[in-house]
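# Report on the structure
Here's the letter readout for the chains.
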Amino acid sequence: MPDPNGFLRYDRRLPARRPVPVRISDWREVYPPAGEALIREQATRCMDCGIPFCHDGCPLGNRIPDWNDLVRTGGWDAAVESLHATNNFPEFTGRLCPAPCEAACVLGIGGGQPVTIKQVEVEIADAAVTRGGLEPRPAATPTGRSVAVVGSGPAGLAAAQQLARAGHAVTVYERDDAIGGLLRYGIPDFKLEKQHIDLRLAQLEAEGVRFRTGVNVGVDVTAEQLREAHDAVLLACGALQGRDTPETPGRQLRGVHQAMTHLVAANRVVAAAGEGRPALAVLSDGTPIDAAGKHVVIIGGGDTAADCLGVAHRQGAAGVHQLDLYPEPPHSRDAERDPWPTWPWILRNYPAHEEGGDRVFAAAVQEFVDDGTGQVRSVRIAEVTVEKRDGRRIVTALPGSERELPADLVLLAIGFEGTEEQPLLAQFGVTRNGRGAIDARPDWQTDADGVFVAGDMHRGASLIVWAIAEGRAVAAAIHTYLGGVGELPAPVDPARQPLAAR
């Protein structure tokens, strides 16, 4: 039973981040280990609240009060088991998830300070490695059925692990040269060092999952060949179609890029350095996309924009401006707009923001300005207002507010428009809906029988915790489809949405 007085004795505390001058000189994670004393103290703040709304905030249904109390009492091995009972990859969510569970914590009512759920989670996950490693759990008896998983992000990997542990033969197909999806080449190392991925992949391989990299399904292997070789197919290709702004004058100039191309190039440089190989941050055609010595403008206010900001600092940018279309959010929850326990619209300061750069709110680019040679030299911006009319966003520039910002490199981090249009879609007989995603029936199958979909490819660009939840749920559906014995856990259904006020 949790300590009902713990939150009265301890304030919310997080481990101190590594000093800015130190951390921007390398690519290691921003947060050092918290230490057992701090984590036990913070776990003690989890109260016996009766109805743990954190369960509803988390689509995985993580047993948060249970493993908090186990940490409080020193039951680390049991805490590891409790955490993994609902989450295949807590070392990923503990580092990358924005923690909707914390927004739903009862201690957050009335402006209180919620439990540091995310930090406790990552410490338990790391304890699993240090206290004995990630023990493989291979199936005792093979089922003789085979599943192809297309895409190796968190949804695909979660499904692969669940299915392999149920006895099915699973092969993961990845078009890139390494497994991990955006975890591998989209998320910078200062948020997720890649040894965490490698440790988990070793566990999956020991459980029987096969990985085939450099295979572009629909090109190198046809959908027909995949269906002939496997009894079921899961499409988990993500939502990588970046939103663009083609109508903005000057969009075609050199130096204006999608944010993800910059992040991927930077991640490849870090990966090469870790292997002792020299590499440059370049696009697939060899075009440099390094921020070193450049004035950088990042358009967008979300996680991807913050990732670009941190990368620009570490590459040695001369200066960075981050533009957000919307006004500066409040510093605390507006109970009328976002009542507890829903996810609030508040100002979110990422570690990258304390490393430097200027944030500009309520501003939009009016033109990318040419230096006369086809290279961007600045952006012309204006103050704007944003309102919704009939479900459409109306952006209005304020007269006389225009000004220019120097820009040698512009990164578009303005969201995603769904999964990419690619040959495998037509070959499998599935089409994108109006949101650019792939619809699923209640049993997670697409319009093509035996072909399932999950993760961002189904939901649209979303949180890693939703990807893992959908991966677990689709694995349960595939297991049933293949006639598997018993049931696998299914934390969500295809229609499930985040906790919201109605």
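Think of a sheet as strands paired side by side through backbone hydrogen bonds, with each pair either parallel or antiparallel. On the basis of which strands lie adjacent, the open sheet formed by 5 strands has the order E3-E2-E1-E4-E14 and parallel pairing. If you trace the sheet from one side to the other, it starts and ends with strand E3 (210-213) and strand E14 (451-453), each paired once. Along the sheet, successive strands turn relative to each other by an average axial angle of 20°, direction set aside. Contacts from helix H10 (residues 154-165) reach strand E1 (146-150), strand E2 (169-174), E3 and strand E4 (232-235) within the one sheet, and its direction differs from that of E2 by about 165°.

For the rest of this paragraph, the subject is the nonpolar core. Residues Ile124, Leu234 and Ile478 are the most contacted members of the largest nonpolar core, which totals 70 residues. If you tally residues by element for this core, the top one is helix H18 (residues 464-481), at 11 residues. Every residue in contact with Ile478, bar those within four places of it in the chain, is listed here: Val147, Leu163, Ala232, Leu234 and Phe452. Listed in part, the 23 residues of the second largest apolar core include Phe190, Ala259, Ala281 and Leu309.

The tally for this structure, following the rule as stated, stands at 4 aromatic pairs. Consider the rings of Trp27 and Phe190, whose centres lie 6.4 Å apart with planes at 25°: the pair is stacked. With a gap of 163 residues between them, Trp27 in the loop between helix H2 (20-23) and helix H3 (36-44) and Phe190 in the loop between helix H11 (182-185) and helix H12 (195-206) connect regions that are remote in the sequence. The exposure class of Trp27 is partly exposed, given its relative accessible area of 24%. Judged by relative accessible area, Phe190 falls into the buried class, the value being 6%. The lysine or arginine in question, Arg268, covers the ring of Tyr185, its NZ or CZ lying 4.1 Å from the ring centre. The ring of Trp466 has Arg459 lying over it, and the distance from NZ or CZ to the ring centre is 3.8 Å.

Attention shifts here to the pattern of salt bridges. Across all of its chains, the model carries 34 salt bridges by this definition. For Arg314, the salt bridge is made with Glu355, and the minimal N-O distance between the two is 2.9 Å. You can see Arg314 sitting in helix H15 (residues 303-315) and its partner Glu355 sitting in the loop between strand E7 (319-323) and strand E8 (358-360), a full 41 residues away along the chain. For the pair formed by Arg314 and Glu355, the shared burial category is buried. In this structure, Arg377 engages Glu404 in a salt bridge whose closest nitrogen and oxygen atoms are separated by 3.4 Å. With Arg377 in strand E10 (residues 376-389) and Glu404 in strand E12 (residues 403-406), the pair connects residues that are 27 residues apart, well separated along the chain. For Arg377, a relative accessible area of 41% puts it in the partly exposed group. A relative accessible area of 41% places Glu404 in the partly exposed class. Three or more residues joined by partner-sharing salt bridges are found here, namely Arg17, Arg23, Arg314, Glu354 and Glu355.

Here we come to the sheet that holds E8. Judged by pairing direction, the sheet is parallel, and its 5 strands sit side by side in the order E5-E13-E6-E7-E8 without closing on themselves. At either end of the open sheet lies a strand with only one pairing partner, and these are strand E5 (256-258) and E8. Each strand axis lies, on average, 20° off the axis of its neighbour in the sheet, ignoring direction. Relative to E7, strand E6 (residues 295-299) runs parallel, the two being bridged by 5 bridges.

Pro341 follows Trp340 through a cis peptide bond whose omega is 10°. Mapping Pro341 onto the fold places it in the loop between E7 and E8. Positive phi, close to 75°, is recorded for Trp444, a residue that is not glycine. Secondary-structure assignment places Trp444 in the loop between helix H16 (423-428) and E14. Taking relative accessible area as the criterion, Trp444 reaches 3% and is therefore assigned buried.

A few words now on helix H14 (residues 259-274). Helix length check: H14, at 16 residues, gives a terminal C-alpha distance of 23 Å against a target of 22 Å (1.5 Å per residue), a fit within 8%. Within the span of H14, buried status applies to Ala259, Met260, His262, Leu263, Ala265, Ala266, Asn267, Val270 and Ala272. In the core, the buried residues of H14 are packed alongside H11, E5, H15 and strand E13 (409-412). One or two residues past the end of H14 sits Gly276, with phi positive at roughly 80°.

Moving on to the pairing of E6. Taking burial as the measure, the 5 residues of E6 include 4 buried ones, the bulk of the element. Following the chain from E6 across H15 to the adjacent parallel E7, one finds a crossover that is right-handed. By the bridge criterion, 4 bridges tie E6 to E13 in an arrangement that is parallel. Bridged to Val296 within E13 is Leu409.

The subject of this paragraph is the packing of helix H5 (residues 64-72) against helix H9 (residues 117-130). Between two packed helices, what matters for the description is the angle formed by their axes and the separation of those axes. As a packed pair, H5 and H9 sit with axes 11 Å apart at the nearest point and diverge in direction by 65°. Seen from above, H5 lies across H9 with left-handed handedness. Residue-level contacts link Ile64, Trp67, Asn68 and Val71 of H5 to Ile117, Val120, Glu121 and Ile124 of H9. Its residues assigned to classes, the contact of H5 with H9 comprises 6 nonpolar, 1 polar and 1 charged.

Its place among the elements puts His230 in the loop between helix H13 (223-229) and E4. Only 2.6 Å separates the side chain of His230 from the side chain of Ser146, close enough to count as a polar contact. Residues in contact with His230, not counting those within four places in the same chain, are Ser146, Val147, Ala148, Thr171 and Tyr173.

Conventions and cut-offs
- Residues numbered from 1 in each chain as written.
- Predicted model: local features only at pLDDT ≥ 70, side-chain atom pairs only at ≥ 80, totals over all residues.
- Heavy atoms only, no water.
- Pairing = 2+ DSSP bridges.
- Helix = DSSP H or I, 4+ residues; strand = E, 2+ residues; numbered from the N terminus.
- Axes fitted to C-alpha atoms, helices over the stretch in contact; angles between N-to-C directions.
- Contact = heavy atoms within 4.5 Å.
- Core = buried A, V, L, I, M, F, W, Y, C linked by side-chain atoms within 4.5 Å.
- Buried < 20%, exposed > 50% of the residue type's maximum accessible area, 1.4 Å probe, protein only.
- Phe/Tyr/Trp six-rings, centres within 6.5 Å; stacked < 30°, edge-to-face > 60°.
- Lys NZ or Arg CZ within 6 Å of the ring centre and 35° of its normal.
- Salt bridge = Lys/Arg side-chain N within 4 Å of Asp/Glu carboxyl O.
- Expected span 1.5 Å × (residues − 1).
- Right-handed = clockwise from strand over helix to strand, strands pointing away.
- Left-handed = near helix turned anticlockwise from the far one by under 90°.
- Nonpolar A, V, L, I, M, F, W, Y, C, P; charged D, E, K, R; others polar.
- Polar contact = N/O pair within 3.5 Å; in protein donor to acceptor, adjacent residues only side chain to side chain.

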